[in-house]
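Next come the chains, spelled out residue by residue.
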Amino acid sequence: MNLKTFRGGIHPPERKEATCDLPIEHVPTPASVVIHLTQAVGAQNQPLVKIGDRVLKGQKIGDVDACPAAAVHASITGIVKKIEPAPQSNLRDGMAIFIEADGTDETAYMPPLDPFACSREEAIKRLRDAGIVGMGGASFPTDVKLAPPADKPVDTIIANGAECEPYLTIDYRTMLETPAVVVEGLAMAAHILGADKAIIAIESNKADALPGIQREIPAHAHGVPMEAVLVATKYPQGGEKMLIKAITNREVPSHGLPFDVGVIVQNVGTLVAISEAFIQGKPLIERGFTVSGEACRTPKNLYAPIGTVIGSLIPDVIQVSDDLRKVIFGGPMMGVAVPTLQTPIAKGTSGVLFFNTAEATQYEERQCIRCGRCADACPVRLMPMLMNAAIAIKDLDRADALGLIDCFECGACSYSCPARIPLTQRFRLGKDLLRNQRAKEARHGK
Amino acid sequence: MKIILETTILSAVLGLLIGIALGFFRERFAVPSDPMVDQVRAILPGANCGACGYAGCDAYALAVAHRTAPPDRCTTGGKKAGDQIAALLGLTSSAVDQLAVLVCQGSREKAPLKGDYVGIDSCREAKIVTGGTKLCQWACLGLGDCTRVCPFDAIHVEDDGLPHVDNGKCTGCGKCVEECPQNVLVLVPRAKMGAIPLCLNRNPVKSKVISTCKTGCIKCEICVKACPEGAIRMERGLPVVDEKLCTSCGICVQKCPTHVFKLIEKDIIIA
């Protein structure tokens, strides 16, 4: 079968066997949660509650009058104990609200809203109030994404069920267990966006999820033309630009965004959250994530309130071996290694991986042998070896000309490099240096 | 003997001819140069560090002589060079001799790391991927970006994991200050006297400061209360010393429970 895909990419070991057959398990309400005020790309939220206040599950506790931004809500009912900086999964110690459960299960959800009956503005406002962000990892506010500028008409919306990161299986389980909700959410997003067509993209190694989705389309698509397609299993197939290329054969221009080619991509987890925000009036306060890795004795797919401290689930829900060396929030390719188990689950946490010493091995950097494997692997067709050489001599203008800004840090080049050059890390450094240089030039009015 | 004589004469004649030719062409193709540029260039130290913002000493000398740059931009030459150039051109110079000072005392034993950082050996990179390698997110990362940019070999990361400035070699060019991603290096006038707080921890939670660094400012404000001159005030969670009021009495240095304050006296920091 000749599946749709993009040029480049890599085939890392999938390692999904450990959790792909395990149903999503609901974690018992934790005794306390740590909810960071700002969990999305955009402006910093301000707390709406004080220490000592009683907050209800679903109550808005942090917001700001700015765009883009996403509100945060209490994920359990209880008392606000403190508001202070705490370790966050993006490694910046952001302001967080500590809530201690009082044992009750009262909720303060919003009234249900029919997105097909209400106005577009109302629907967008609901997404904003529900604090919905992209749940694949980037945490971009969904209300902004579903309201593209008027001069950029969007005709296609793609549900991203590729889940190309190794280990992670939460999107797959979501599609398998609640296909109707995914389809419903996609229909709502397509309606809000005014898209003519909706496509659910699933990687071929998760083909089992396809029949379930196809079965639900007639009943839940609300008249939106919708189809489910298989795409090749390859990393980073789930990158939105790669997915757009594979499915529509349109190429997002350099420095551009998906709406430049009339497409919007939403993760399937986000679609479930959109559906819940309208049907139940439930803000984004809980999410599913995969717990896996060689140092995890109990690989699972979990569903927990946002703000659940990962360390508090050990050892009752998750058991880890003594050889634990590294903990990663997100997937192994693009995730973030966190320094402490006191890190809470955030809106963008799609997985928590526990690596042992063997998995976390670091290799010494050697000389580039000009083999060009990084260029073969690069899904955006950059030339990592040349960019690396340019950054090494601080020739940032050349790195910029080579397309440094178009690198989205998928890690395919670092993975394929036989000399173990930390290319992706160097490009992050290069981008930072480039931003500084551009800022400096702007200051000096060059 | 004959060979030696012939060679010597030939060499002498050849040397004379080439010398005459060179002298002729020197006069014939002479490029007129602005004597003012040469004079300014002679005052400049010739380090070519680039701290003035120009490609090197020649480029800066040209710019100064053409009055497109102020005479006090050379930090390496400092006050002396600034004054001389200003006198030469009939301008005024506001150059002062400066020194880079590290405003963090979070050494290896005092400020623990939050995990093992194993990536590219650069402070800026470590900051991007970890948000700071130490528990204190404001601390010096100690990976030596400052050492690598210093044109004068004046700053080195030592055994305690912090960069130390060699006051004799530091010219106050400010390259390290510009490079440091944590902004823990500042320029201080060499003539400055008085107390200086060496901490940038802005964590509002007192207990968090102590758990992240043994020598961090815990916002107790004892220094503000103890200062007999009223020269210390808190600004965004950190003490600020008013230079004009400080008399270098050293009371804040003694009172601070976490030893954040140090006294500066003529180029040196006194513990």
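A quick note: this is a predicted structure, and the numbers were derived from the prediction, not measured.

Caption draft 1: Region of interest: the overall build of chain B. From N to C terminus, chain B includes 10 helices and nine strands. Here chain B has a C-alpha radius of gyration of 26 Å; the compact-globule value for 271 residues is 18 Å, and the former is much larger. Along the first, second and third principal axes, the C-alpha atoms of chain B reach 90 × 50 × 35 Å. Classification of the 271 residues of chain B by burial places 42% in the buried group. Taking the intrachain contacts of chain B between residues at least 6 apart in sequence as the baseline, contacts between residues at least 24 apart amount to 53%. Element-wise, carbon and sulfur atoms account for 59% of the exposed surface of chain B, whose accessible area totals about 14600 Å². The distance from the centre of the 31 positive side-chain charges to the centre of the 27 negative ones in chain B is 6 Å.

Caption draft 2: Structural detail: the overall build of chain A. Across its full length, chain A carries 13 helices and 17 strands. The principal-axis extent of the C-alpha atoms belonging to chain A is close to 60 × 55 × 50 Å. Within the span of chain A, comprising 446 residues, buried residues form 57% of the whole. Put simply, 73% of the contacts in chain A that link residues at least 6 apart link residues at least 24 apart. When the accessible surface of chain A is summed, it comes to about 18500 Å², and 52% of that surface belongs to carbon and sulfur atoms. Computed over 47 positive and 50 negative side-chain charges, the separation of the two mean positions in chain A equals 6 Å.

Caption draft 3: How the structure looks around the domain arrangement of chain B. All names here are of chain B. The domains assigned to chain B are domain 1 (35–89), domain 2 (97–190) and domain 3 (192–271). Just the C-alpha atoms count here: the centres of domain 2 and domain 3 sit 20 Å apart. Taken together, the contacts link 21 residues of domain 2 with 22 residues of domain 3. Together, the buried faces of domain 2 and domain 3 total about 1600 Å²; carbon and sulfur atoms form 61% of this surface. When the area that domain 2 buries against domain 3 is broken down by residue, the three leading residues are Gln105, Trp138 and Arg190, summing to 38%. Remark: the boundary between domain 2 and domain 3 carries zero salt bridges. If you look at where domain 2 meets domain 3, you find seven residue pairs in polar contact (both at pLDDT 80 or more). Looking at the side of domain 2 that touches domain 3, the elements that each hand over two or more residues are strand S1 (98–102) and strand S4 (185–189). Of the residues contributing to the side of domain 2 that touches domain 3, the split by class is 13 nonpolar, five polar and three charged.

Caption draft 4: Broad picture of the sheet that holds strand S10 (residues 197–203) of chain A. Residue and element names in this part refer to chain A. Taken together, the four strands give an open sheet; going across it, the order is S11-S10-S9-S12, and neighbouring strands pair in parallel fashion. Looking at which strands have only one partner, the edges of the open sheet turn out to be strand S11 (226–231) and strand S12 (263–267). In this sheet, adjacent strand axes meet at a mean angle of 25 degrees when their direction is disregarded. Relative to S10, strand S9 (residues 156–161) runs parallel, the two being bridged by six bridges. Directly across from alanine 159, in S10, lies its bridge partner isoleucine 200.

Caption draft 5: Up close: the domain arrangement of chain A. Residue and element names in this part refer to chain A. Considered domain by domain, chain A is made up of domain 1 (28–109 + 283–355), domain 2 (120–279) and domain 3 (373–443). If you average the C-alpha positions of domain 2 and of domain 3, the two centres end up 29 Å apart. The junction of domain 2 with domain 3 conceals about 630 Å² of combined surface from both sides, 59% of it contributed by carbon and sulfur atoms. The largest share of the area that domain 2 buries against domain 3 comes from Tyr235, Met242 and His255, three residues that together contribute 56% of it. Put simply, domain 2 and domain 3 have one salt bridge between them. Among the salt bridges present, the one from glutamate 251 reaches arginine 381, with a minimum N-O distance of 3.3 Å.

Caption draft 6: Molecular detail of the nonpolar core. Residue and element names in this part refer to chain A. Of all hydrophobic cores here, the largest spans 50 residues; its most connected members are Leu146, Ile157, Ile200, Ile213, Met226 and Ile274. Listing elements by their share of this core, those giving two or more residues are helix H2 (120–129), S9, helix H4 (170–177), helix H5 (179–193), S10, helix H6 (209–220), S11 and helix H8 (268–279). In terms of residues, this core owes the most to one element, H5, which gives nine residues. Of the residues that make up this core, three or more belong to each of domain 1 (28–109 + 283–355) and domain 2 (120–279). Apart from residues lying up to four places away in sequence, methionine 226 is in contact with Val183, Leu186, Ala187, Ala198, Ile200, Ile217 and Ala221. Grouped together as the second largest cluster of nonpolar side chains are 21 residues, Ala399, Leu404, Cys413 and Leu423 included.

Caption draft 7: Representation of the interface of chain B and chain A. Listed by partner, the interface residues are 21 residues for chain B and 19 residues for chain A. Contact with chain A buries area across many residues of chain B, yet B:Ile120, B:Arg124 and B:Ile128 alone supply 31% of it, more than any other trio. In this assembly, chain B and chain A are joined by five salt bridges. A salt bridge links B:Lys208 to A:Glu84, with the shortest nitrogen-to-oxygen separation between them at 2.7 Å. Across the contact surface, chain B and chain A share nine residue pairs in polar contact (both at pLDDT 80 or more).

Caption draft 8: Geometry of the sheet that holds strand S17 (residues 351–356) of chain A. Residue and element names in this part refer to chain A. A sheet is described by the order of its strands in space; here six strands give the open sequence S1-S14-S13-S17-S15-S16, paired in mixed fashion. Two strands close off the open sheet at either side, each with one partner strand: strand S1 (24–26) and strand S16 (336–338). Taken over all neighbouring pairs, the strand axes of this sheet differ in orientation by 30 degrees on average, direction set aside. Across three bridges, strand S15 (residues 324–329) lies against S16 in antiparallel orientation.

Caption draft 9: Region of the structure containing the pattern of salt bridges. Enumeration over the complete set of coordinates arrives at 39 salt bridges over all chains. Its salt-bridge partner being A:Lys145, residue A:Glu240 comes within 3.4 Å of it at the nearest N-O pair. Of the two residues, A:Glu240 sits in helix H7 (residues 240–248) while A:Lys145 sits in helix H3 (residues 142–145), which places them 95 residues apart along the sequence. One salt bridge in this structure joins A:Arg325 and B:Asp116, with 3.2 Å as the shortest N-O distance. Pair noted here: A:Arg325 is in strand S15 and B:Asp116 is in the loop between S1 and helix H5 (123–130), and the two residues belong to different chains. One connected set of salt bridges, linked through shared partners, spans A:Lys60, A:Asp63, A:Lys125, A:Arg128 and A:Asp129.

Caption draft 10: Structural view of the pairing of S1(B). Residues and elements named next belong to chain B. By the criterion of burial, S1 is predominantly enclosed, with five of the five residues buried. Residues Gln98, Ala100 and Leu102 of S1 are buried on one face, and the alternating residues Leu99 and Val101, pointing to the opposite face, are buried as well. Summarising the sheet, S1 and S4 pair through five bridges and their orientation is antiparallel. Note that in S4 the partner of glutamine 98 across the bridge is proline 189.

Caption draft 11: Summary view of helix H3 (residues 57–65) of chain B. All names here are of chain B. Every buried residue belonging to H3 is among Cys57, Tyr60, Ala61, Ala63, Val64 and Ala65, and all of these are buried. For H3, the elements touching its buried residues are helix H2 (35–43) and helix H4 (78–89). Trailing H3 by a residue or two, arginine 67 shows a phi angle of about 60 degrees, which is positive.

Parameters and conventions
- Residues numbered from 1 in each chain as written.
- Chains lettered and ligands numbered in written order.
- Predicted model: local features only at pLDDT ≥ 70, side-chain atom pairs only at ≥ 80, totals over all residues.
- Heavy atoms only, no water.
- Helix = DSSP H or I, 4+ residues; strand = E, 2+ residues; numbered from the N terminus.
- Rg over C-alpha atoms; globule rule 2.2 N^0.38 Å.
- Buried < 20%, exposed > 50% of the residue type's maximum accessible area, 1.4 Å probe, protein only.
- Contact = heavy atoms within 4.5 Å.
- Areas by Shrake-Rupley, 256 points an atom, 1.4 Å probe, with all protein chains shown as cover.
- Lys, Arg positive; Asp, Glu negative; His and termini not counted.
- Charge placed at Lys NZ, Arg CZ, Asp CG, Glu CD.
- Domains from an automatic or database assignment.
- Buried area = accessible area lost by both parts, 1.4 Å probe.
- Salt bridge = Lys/Arg side-chain N within 4 Å of Asp/Glu carboxyl O.
- Polar contact = N/O pair within 3.5 Å; in protein donor to acceptor, adjacent residues only side chain to side chain.
- Nonpolar A, V, L, I, M, F, W, Y, C, P; charged D, E, K, R; others polar.
- Pairing = 2+ DSSP bridges.
- Axes fitted to C-alpha atoms, helices over the stretch in contact; angles between N-to-C directions.
- Core = buried A, V, L, I, M, F, W, Y, C linked by side-chain atoms within 4.5 Å.

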